[in-house]
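Residue-level structural notes
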Protein chains: 2
Amino acid sequence: MKIDAIAFDADDTLWHNEDAFASTEAAFVELLSPFASDADARSTLFNTETRNLALFGYGVKSFTLSMIEAAMELSGGRVSSADLAALLDLGKAMLQRPAVLLPDVAQVLMSLKRDHRLIVITKGDLHHQERKVDDSGLAHIFDAVEVVAEKDARTYARIAQRHSVELSRLVMVGNSVKSDILPIVELGGVGVHIPYSITWGHEQVAADHLRAYERNADGARYWELDRIAEVPALVERLLD
Amino acid sequence: MKIDAIAFDADDTLWHNEDAFASTEAAFVELLSPFASDADARSTLFNTETRNLALFGYGVKSFTLSMIEAAMELSGGRVSSADLAALLDLGKAMLQRPAVLLPDVAQVLMSLKRDHRLIVITKGDLHHQERKVDDSGLAHIFDAVEVVAEKDARTYARIAQRHSVELSRLVMVGNSVKSDILPIVELGGVGVHIPYSITWGHEQVAADHLRAYERNADGARYWELDRIAEVPALVERLLD
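These notes cover the structure that comes with them. Since this is a predicted model, take the numbers as computed values, not measurements.

A separate point is the relation of the copies chain B and chain A. Here chain B sits on chain A after a turn of 180° about the axis and a move of 0.0 Å along it, with an RMSD of 0.0 Å. Overall, the copies show the geometry of a two-fold rotation axis. Identified as the residue of chain B closest to the rotation axis by C-alpha distance is S81 of chain B, at 2.1 Å. Counting the interface residues of chain B, we find that 100% of their copies in chain A are interface residues as well, pointing to one common contact surface.

Next up, the structure:
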């Protein structure tokens with residue numbers, strides 16, 4: 001095949017992200033322990049995030065507001081204002097955290113950049129995502145950075161058109177089957193799935209979706225790798 | 001001149017926005033009245049927003065988090081968790097509010113669309129801004145919607161390049177001198193300023209900037225109108 005561009009998801013593909021949500025959630029559970037069990041705290045937080053997703057969108061600020069709302073609900077309003085302020089501080093700490101790159105990311109991108117256009121396609125909070133790209137030291141490597149509200153087929157088609165990329169010549173690398181792989185395969189591109197150690201509930205694909213996906217996927221459209229360091233060799237193989 | 005595209009700011013140019021912030025701020029001041037004077041509440045909120053801007057970016061979610069932080073500061077931690085939850089609800093109500101169009105907006109855009117490419121360029125929260133465009137019923141009129149983290153010369157240059165628009169042939173219509181007019185004039189485009197009844201503190205341009213701006217501005221580059229209904233006649237005049 002010919003390759004017009006190689007696109008990368010950012011969170012949990014180029015740098016660690018979900019680990020910060022997990023450790024903040026652990027602090028949330030601990031803070032709410034006078035009022036709720038571990039399991040109740042986690043499920044109420046997840047349900048609050050889900051309920052607010054259409055209104056808030058993705059990202060740390062949305063997560064922080066949902067933590068405050070869930071804390072009120074779990075405590076029946078008995079949580080102290082100091083504890084709510086502590087939740088706000090946990091959110092700010094997440095926003096302040098520098099982007100910690102996953103192993104081999106910089107070398108792999110530099111090597112691919114010699115022969116390919118590289119694009120970041122990430123969803124979530126515009127301001128925070130752009131700041132992480134800037135902080136990562138990788139910004140100069142990319143031909144474009146696209147922050148989008150949702151990663152679906154319509155979004156990918158719009159981005160491909162904008163950059164004059166044929167969808168059948170687009171390779172997308174990411175950790176989420178739902179956001180990074182399924183829409184790309186649907187559009188005729190190539191999806192390269194590299195799982196991260198943690199997957200957020202909202203990115204988990206239901207079993208029936210996965211089955212349909214496995215049926216549809218042929219070797220040329222979908223690849224699963226363990227590490228980003230394996231991407232250059234795959235790209236060479238795809239070019240044959 | 002030739003016109004490649006006419007771009008519009010969204011908040012307070014196409015629909016009301018700042019009025020919602022003003023009424024929410026009034027509710028904030030009332031809620032904090034046991035702890036702080038009207039003036040102190042307003043200035044602490046503004047200072048909190050300013051301090052958080054680099055970390056949070058623009059938008060309602062950022063404003064909501066800053067209200068909660070400012071309430072803790074103004075009350076010395078004595079504000080109740082119920083009051084903090086009420087601030088969160090005020091923020092959610094802002095996010096839920098439908099876009100209320102300013103007078104004549106739909107007719108003006110439909111008329112301009114006949115002969116021109118129309119682009120929305122708005123800053124702030126990606127998810128919320130896209131939702132407002134969708135809710136406004138105007139989405140089908142625009143050739144592109146660009147939500148950006150900051151409206152400066154670099155951003156406008158990038159957008160113009162992306163859409164193959166020559167900056168000297170770009171007309172930008174907006175209510176903020178700082179965000180919608182100055183960068184466009186600097187880049188050689190035409191800025192059309194239509195003031196809204198309220199201007200947020202962060203968009204107010206310092207007197208020395210304004211003086212420099214007035215010195216630099218010539219009739220061909222900068223126009224001030226009272227209402228969006230005057231834009232089509234101005235565009236006709238620019239085309240001569």
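Still more ground to cover, so stick around.
The partner chain A presents 36 residues to the 36 residues of chain B that form the contact. Roughly 2900 Å² is buried in total at the junction of chain B and chain A, and carbon and sulfur atoms are behind 64% of that figure. It is L55, K61 and L126 of chain B in chain B that bury the most area against chain A; as a group they hold 21% of the surface buried on that side. Put simply, chain B and chain A have four salt bridges between them. The residue E146 of chain B makes a salt bridge to R162 of chain A at a minimum N-O spacing of 3.3 Å. Put simply, chain B and chain A have 18 residue pairs in polar contact (both at pLDDT 80 or more) between them. Those elements giving two or more residues to the side of chain B that touches chain A turn out to be α2 (38-56), α3 (60-75), α4 (81-96), α6 (126-136) and β3 (144-148) of chain B. Considering each element in turn, the side of chain B that touches chain A owes the most residues, eight residues, to α4 of chain B. When the residues that make up the side of chain B that touches chain A are grouped by side-chain class, the tally is 18 nonpolar, ten polar and eight charged.

Now for the pattern of salt bridges. Applying the stated criterion across every chain, the model contains 33 salt bridges over all chains. In the salt-bridge network here, residues are joined through shared partners; they are R51, E69 and E73 of chain A together with K92 of chain B.

What counts, and where the lines are drawn
Residues numbered from 1 in each chain as written. Chains lettered and ligands numbered in written order. Predicted model: local features only at pLDDT ≥ 70, side-chain atom pairs only at ≥ 80, totals over all residues. Heavy atoms only, no water. Least-squares fit on C-alpha atoms with pLDDT ≥ 70 in both. Contact = heavy atoms within 4.5 Å. Buried area = accessible area lost by both parts, 1.4 Å probe. Salt bridge = Lys/Arg side-chain N within 4 Å of Asp/Glu carboxyl O. Polar contact = N/O pair within 3.5 Å; in protein donor to acceptor, adjacent residues only side chain to side chain. Helix = DSSP H or I, 4+ residues; strand = E, 2+ residues; numbered from the N terminus. Nonpolar A, V, L, I, M, F, W, Y, C, P; charged D, E, K, R; others polar.

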